[in-house]
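Summary of the model geometry
The primary structure of each chain is shown beneath.
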Amino acid sequence: MHAPHHRGRKRRVIAAAAAASLAGPLLLVASATPASAAPDPGKKGEQLARKLVRQTSAEGAMMHLRAFQQIAKLKDGNRAAGAEGHTWSAKYAGTLLDLAGYKVTYQHFDFVYTETLAERLTVLTPERAELPIKVMTYTRSTPEGGTEAAVAAVPVDADGTTGCTAEDFASDDFTGKIALIQRGGCTFAEKQAAAADAGAVGAIIYNNVDGELNGTLGDAAAGRIPTGGLSKEHGEALAAKVAQGTVTVNLEVRELQETRTTPNVIAETRGGDPDNVVMFGAHLDSVTEGPGINDNASGSAGILEAALQLAKADKKGKHTNKVRFALWSAEELGLQGAEHYVANLSQAERDKIALYLNFDMIASPNYGLFVYDGDDSDGVGAGPGPEGSAQLEHAINTFMRSQGHEPRGTDFTGRSDYGPFIEVGIPSGGTFTGAEGVKTAEEAALWGGKAGAAYDECYHLKCDDLGNVSVKALDINVDVIANAVGTYAWDTGSLDDEVPFESTKGTAGSGGGLHDHDHRPTS
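What counts, and at which threshold
Residues numbered from 1 in each chain as written. Predicted model: local features only at pLDDT ≥ 70, side-chain atom pairs only at ≥ 80, totals over all residues. Heavy atoms only, no water. Helix = DSSP H or I, 4+ residues; strand = E, 2+ residues; numbered from the N terminus. Buried < 20%, exposed > 50% of the residue type's maximum accessible area, 1.4 Å probe, protein only. Contact = heavy atoms within 4.5 Å. Areas by Shrake-Rupley, 256 points an atom, 1.4 Å probe, with all protein chains shown as cover. Expected span 1.5 Å × (residues − 1). Arc of directions from axis to C-beta. Polar contact = N/O pair within 3.5 Å; in protein donor to acceptor, adjacent residues only side chain to side chain. Disulfide = S-S within 2.5 Å. Phe/Tyr/Trp six-rings, centres within 6.5 Å; stacked < 30°, edge-to-face > 60°. Lys NZ or Arg CZ within 6 Å of the ring centre and 35° of its normal. Pairing = 2+ DSSP bridges. Axes fitted to C-alpha atoms, helices over the stretch in contact; angles between N-to-C directions. Parallel < 35°, antiparallel > 145°, perpendicular 65-115°, else oblique. Left-handed = near helix turned anticlockwise from the far one by under 90°. Nonpolar A, V, L, I, M, F, W, Y, C, P; charged D, E, K, R; others polar.

Turning next to the overall build of the chain. What the chain contains, in helices and strands, is 14 helices and 14 strands. Burial statistics for the chain: of 523 residues in total, 57% are counted as buried. Partitioning the intrachain contacts of the chain with sequence separation of at least 6 by distance along the chain shows that 82% fall at a separation of at least 24. Total accessible area on the chain stands at roughly 20700 Å², and carbon and sulfur atoms take up 52% of it.

A word on helix H3 (residues 41–55). With 15 residues, H3 extends 21 Å from end C-alpha to end C-alpha; this agrees with the ideal 21 Å at 1.5 Å per step. Among the residues of H3, Pro41, Gly42, Gly45, Leu48, Ala49, Leu52 and Val53 are the ones counted as buried. The arc that holds the buried residues of H3, viewed along the axis, is 135 degrees, so those residues lie on one side. Every exposed residue of H3 that faces more than 90 degrees away from the buried side is listed here: Lys43 and Arg54. Taken together, the buried residues of H3 touch helix H8 (293–313), helix H11 (389–402) and helix H14 (471–490). The N-capping residue of H3, defined by a side-chain oxygen 2.8 Å from the backbone nitrogen of Gly42, is Asp40.

Per the counting criterion, the structure on display carries 2 disulfides. Shown here is the disulfide that connects Cys164 with Cys186, its sulfur atoms set 2.2 Å apart. Judged by the sign of its S-S torsion, about -95 degrees, the bond between Cys164 and Cys186 is left-handed. With a gap of 22 residues between them, Cys164 in the loop between strand S4 (147–153) and strand S5 (178–182) and Cys186 in the loop between S5 and helix H6 (188–197) connect regions that are remote in the sequence. For Cys458, the disulfide goes to Cys463, at an S-S distance of 2.1 Å. In this structure, the disulfide formed by Cys458 and Cys463 twists by about -115 degrees around the S-S bond and is classed as left-handed. Note on Cys463: relative accessible area 32%, which makes it partly exposed. Numbered in order of appearance, the disulfide-bonded cysteines of the chain are paired 1-2, 3-4.

A complete count under the given rule lists 16 aromatic pairs for this structure. Counting every residue linked through ring pairs, the aromatic cluster contains Trp328, Tyr341, Tyr356 and Phe421. Stacked on the ring of Tyr106, the Lys or Arg Lys91 has its end atom at 4.5 Å from the ring centre. Sitting over the ring of Tyr367, Lys439 keeps its end group 5.5 Å from the ring centre.

On to the pairing of strand S11 (residues 353–359), then. For S11, a buried count of 7 out of 7 residues is recorded, marking the element as mostly surrounded by other parts of the structure. The sheet contact formed by strand S9 (residues 273–283) and S11 spans 5 bridges and is parallel. Following the sheet pairing, Phe280 is matched in S11 by Leu357. Pairing between S11 and strand S14 (residues 428–432): 4 bridges, direction parallel. For Phe359, the partnering residue across the bridge sits in S14 and is Thr431.

This part takes up the packing of H11 against H14. When two helices pack together, you describe them by how their axes are tilted relative to each other and by the distance separating the axes. Contact geometry of H11 with H14 gives a least axis separation of 10 Å together with a crossing angle of 125 degrees. Of the possible angle classes, the one that applies to H11 and H14 is oblique. Of the two possible hands of crossing, H11 and H14 adopt the one that is right-handed. Here H11 contributes Leu392, Ala395, Ile396, Phe399 and Met400 to the contact with H14, which in turn contributes Ile476, Asp479, Val480, Asn483 and Tyr488. Taken together, the residues of the contact of H11 with H14 sort by class into 8 nonpolar, 1 polar and 1 charged.

Residue Pro126 is reached from Thr125 by a cis peptide bond, and omega for that bond is 5 degrees. Inspection of the secondary structure assignment puts Pro126 in the loop between strand S1 (103–125) and strand S2 (129–131). Positive phi values are uncommon outside glycine, yet Met361 reaches one of about 65 degrees. Checked against the element boundaries, Met361 lands in the loop between S11 and strand S12 (370–372). On the basis of relative accessible area, Met361 is assigned to the buried category, the value being 0%.

Below, the structure is given as structure tokens:
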């Protein structure tokens, strides 16, 4: 039998132990009288988990996806934070959760809303060409019509830290020029700031892995010069031209920026121990370019459907732990909703959160089955999550394998809403099915789909609609959510268990961290 796992409650445990020792003689006397055994939370969790997995389905989640699609259709084609599409999405989810009996809170906060006005890069000499550049969120804007200047390329360092320090810009005169910088080694904000210090009037940062580069400078105050992102293919080709002689371009990146208010939707069970809270979250907002059905109506729909089924399956709310569901806003602008939530918790409130599980993009059409690498057994990128994260990873892997699916690890890059929880030491985990990263041949052999193509070719685009969803991937991940909700609603004792070191390094999926959500000012 697993006892409920309470983080940050050592004093209470010690006090309880002392009280138990004093009560010993009384218990010996009372033992002669038969008493009904206390329920085993581990077994109750298993029972509820099985029930929720049976009742929670992709069909139910798809109903919510259709609703979010319709909202976007009625509201300018998107559900971005600060726009009516997100406000309606929040009201839709919050109303259903309220009717199901949850205590629902709309946590409003101010943020800087952004909207792309122009993103264009035209090579003027030696040969005219149009390159598909992407605005870096929170960039400074060029004048309307763009800025015309020569391109100066920052030499590529062997250690992958190109363009991070003043020394990197010493090889050329960047004054009045547009700096061309390879990704890697430091944040996008730091790269464009270093370029600005060197006298550059703009920055183009190109990817160091295949795929387009959708990035953010982190916040509006960080933007120093107009900055855009370019794919590895186009960036390397442009750098090769610069090496041969003078290249002039016209760079136009313009972005609307204004302060708006947006809500997180927080719903929690009315029963359960308020000192031992299990949290499940997903971001509800989309980018302004499209309806965001895979990214991330899919995760939100999975969370919403599991919450509604929990309310039906456990109507009396007898489960041991308080269950809290969160649908975050402004994730696409730097995890602002989750960061606001965590920053406004007292240390005592943070200590009460036993775990946080995050579900972001769980229905990619060319999907992978990725589980966040809580123990860093893959040895890719960031280190392990806080103590307990390895157990969360192991539990998800175990469940998925019991259903006949083979998951692989993905790195805690800090680019989704688990980031703020990890930063304050809360055990975290979750699943992800891939963004603009490219599926390998090994992964295609393991999961099906198309090798050499992005997991989601509509990532951050208008075509991220109902036609951009794998119902199979959605169903697999909805079951993961349901199983976790049922299990941890009753029992978090497994967070103290020893688990095997599960490395997937060198196998399909070990590169799953290359999803590069880039909602933070990542390198």
